[in-house]
Amino acid sequence: MRWENLADDDAPSGPARTAALFAADAVTTRTFDTPEFRGITFHEIRARSIVNRVPGASRMPFEWTVNPYRGCSHACVYCFARKTHSYLDLDTGLGFDSQIVVKVNAPELLRVHLASRRWQGAHIAMGTNVDCYQRAEGRYRLMPGIIEALRDHANPFSILTKGTLILRDLELLKEAAAVTEVGISVSVGFLDQELWRTVEPGTPSPDRRLDAVRTLTEHGIGCGVLMAPVIPFLGDHPDQLRATVRAIAASGATSVTPLVLHLRPGAREWFMAWLGQHHPHLVRRYERLYAEGAYAPKWYQRRVTGQVHDLAREFGIGPAHRGTAHRIPATPEPSRPEPTQLTLL
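A brief report on the enclosed structure follows.

Spatially, the seven strands line up as an open sheet ordered β3-β4-β7-β8-β9-β10-β11, and their pairing is mixed. Since the sheet does not close on itself, it has two edges, and those belong to β3 (51-53) and β11 (256-260), each with one partner. For this sheet, the mean inter-axis angle between neighbouring strands, taken without regard to orientation, is 25°. Summarising the sheet, β3 and strand β4 (residues 64-66) pair through three bridges and their orientation is antiparallel. The residue of β4 that forms the bridge with Val51 is Val66. Set on the sheet, helix α11 (residues 298-315) makes contact with β10 (223-230) and β11; between it and β11 the angle comes to about 160°.

Written as structure tokens, this is what we have:
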């Protein structure tokens, strides 16, 4: 395992990648003989930095991210972040699901970063690489310290998750939302139970995720749903889309934003192997649909997006929208540019 290759999660590959984010001799490897962690290895590291700049060429609508984990026990077969495990000479298949890097000093690093005079208070997105509320968070509890740091500095942030563990931090989220912009999104791409068990085996069920959306909204935390991924030929039938959008609306979600499955290198190979095992009759159709690269054709994306938006209007919800951050009253300091408010979706 080449720990010296572990650099900024969002940096491009190749010579431009930054230096390693921690010393190779600062890794502690642990396993826990409990049912929820059986078969999973945790590599605890003390990172050198935690706030990552997203490359300018990225399609992401945010500039800064925080990722306290690398690898994800949610084990979603389509996860685009699988490729990052190859930088460590780790397997992008089962290795990504079971070899989890934990940045144990993430909360303290973030607090130092936010206190720096160079930091301008820009929006920070979380859950953009792997899920910060995956199973490991139940043991390591990094997110409470991260949210507390963001709250104390009134720094706007957003979280995207499939993890119902986010409800553990409900009170902290309410405190943060009182002083800054907090955007919460839960990912629910479909309701099909059989599809969920095979394609997202380590996640809470779609119904439980929508229950989390309901709880968040009932406590005054607006929560949108990223309807992702919409999986071609398995989750894109009009009746399936209707049922999913109806359930999202019933959960009280503030918005629904569809995203069609994309298959980047690393994820593509793993997903296609899964497809060949579970739905071999679809392999040729996928090869044709994704013949031009990682993304489905524009015509297909527009069709799905249009259908979901029509259903959203029918059920009384719409796409995500921007909000306005509040600021904590503070002692006067030299004027500085207002931070640009971004949104996760």
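From this point, the narrative continues.
When their charged atoms lie close together, side chains carrying opposite charge are able to pair. A complete count under the given rule lists 14 salt bridges for this structure. Salt-bridge contacts for Arg46 lead to Glu108; the nearest nitrogen and oxygen are separated by 2.8 Å. One end of the pair, Arg46, is in the loop between β2 (41-45) and β3; the other, Glu108, is in helix α2 (residues 106-115), with 62 residues separating them in the sequence. Glu108 gets classed as partly exposed once you look at its relative accessible area, which sits at 45%. The partner of Arg284 in a salt bridge is Glu287, and the shortest N-O contact between them spans 2.5 Å. One end of the pair is Arg284 and the other is Glu287, both in helix α10 (residues 283-289) and three residues apart, which spans about a single turn. Taken together, the salt bridges that share partners define one network made up of Arg111, Arg151, Asp152 and Glu175.

Turning next to helix α8 (residues 238-250). If you check α8, its first and last C-alpha atoms are 18 Å apart, about what 13 residues at 1.5 Å a residue would give, namely 18 Å. All of the buried residues in α8 are Leu241, Thr244, Val245, Ile248 and Ala249. The arc that holds every buried residue of α8, seen down its axis, measures 135°, which confines them to one face. What points out from α8, more than 90 degrees from its buried face, is the exposed set Asp239 and Ala250. In this structure, the buried side of α8 is in contact with α7 (206-218), β10, β11 and α11. Following α8 by one or two positions, Gly252 has its phi on the positive side, about 90°.

Relative to the elements of secondary structure, Arg209 occurs in helix α7. Residue classification places Arg209 among the buried positions, given a relative accessible area of 1%. Beyond its immediate sequence surroundings of up to four residues, Arg209 is in contact with Lys162, Thr164, Val186, Ser187, Val188, Trp196, Glu200, Thr203 and Pro204.

Another aspect to go through is the environment of Val230. Along the chain, the position of Val230 falls in strand β10. It is 5.4 Å that separates the C-alpha atoms of Val230 and Gly189, two residues lying 41 residues apart in sequence.

The next subject is the packing of α8 against α11. At a closest axis distance of 9 Å, the pairing of α8 and α11 adopts a crossing angle of 40°. The orientation of α8 relative to α11 falls into the category oblique. Judged by the twist between their axes, the crossing of α8 over α11 is right-handed. Between α8 and α11, the residues in contact are Pro238, Leu241, Arg242, Val245, Arg246 and Ala249 and Gln307, Val308, Leu311, Ala312, Glu314 and Phe315, respectively. Broken down by class, the residue content of the contact of α8 with α11 amounts to eight nonpolar, one polar and three charged.

For α11, with 18 residues, the first-to-last C-alpha span of 26 Å sits near the 26 Å given by 1.5 Å per residue. If you check which residues of α11 are buried, you get Tyr300, Val304, Val308, Leu311 and Ala312. The buried side chains of α11 occupy one side of the element, clustering within an arc of 105° when seen end-on. Those residues of α11 that are exposed and angled more than 90 degrees off the buried face are Lys298, Arg302 and Arg313. The positive-phi residue at the C-terminal boundary of α11 is Gly316, with phi of around 85°.

In spatial order, the strands read β1-β2-β6-β5; together these four strands make up an open sheet with mixed pairing. Among the strands making up the open sheet, the edge pair consists of β1 (27-31) and β5 (69-70). Inspection of the sheet shows β5 paired to strand β6 (residues 99-103) by two bridges, in the antiparallel sense. Note that in β6 the partner of Arg70 across the bridge is Val101.

This part covers the nonpolar core. Counting 93 residues, the largest nonpolar core has Leu110, Met126, Ile159, Leu173, Phe271 and Tyr286 as its most contacted members. In this structure Leu110 touches Ile50, Val51, Val66, Ile124, Ile146, Ala149 and Leu150, once residues within four positions along its chain are discounted.

Further remarks concern the environment of Ile248. Mapped onto the fold, Ile248 is located in helix α8. Ile248 sits 21 residues away from Met227 along the chain, and the two C-alpha atoms are 8.9 Å apart. Sequence-distant contacts of Ile248, defined by excluding residues within four places in its chain, comprise Val188, Leu210, Val225, Met227, Ala253, Ser255, Val256 and Ile317.

About the thresholds
- Residues numbered from 1 in each chain as written.
- Predicted model: local features only at pLDDT ≥ 70, side-chain atom pairs only at ≥ 80, totals over all residues.
- Heavy atoms only, no water.
- Pairing = 2+ DSSP bridges.
- Helix = DSSP H or I, 4+ residues; strand = E, 2+ residues; numbered from the N terminus.
- Axes fitted to C-alpha atoms, helices over the stretch in contact; angles between N-to-C directions.
- Contact = heavy atoms within 4.5 Å.
- Salt bridge = Lys/Arg side-chain N within 4 Å of Asp/Glu carboxyl O.
- Buried < 20%, exposed > 50% of the residue type's maximum accessible area, 1.4 Å probe, protein only.
- Expected span 1.5 Å × (residues − 1).
- Arc of directions from axis to C-beta.
- Parallel < 35°, antiparallel > 145°, perpendicular 65-115°, else oblique.
- Left-handed = near helix turned anticlockwise from the far one by under 90°.
- Nonpolar A, V, L, I, M, F, W, Y, C, P; charged D, E, K, R; others polar.
- Core = buried A, V, L, I, M, F, W, Y, C linked by side-chain atoms within 4.5 Å.

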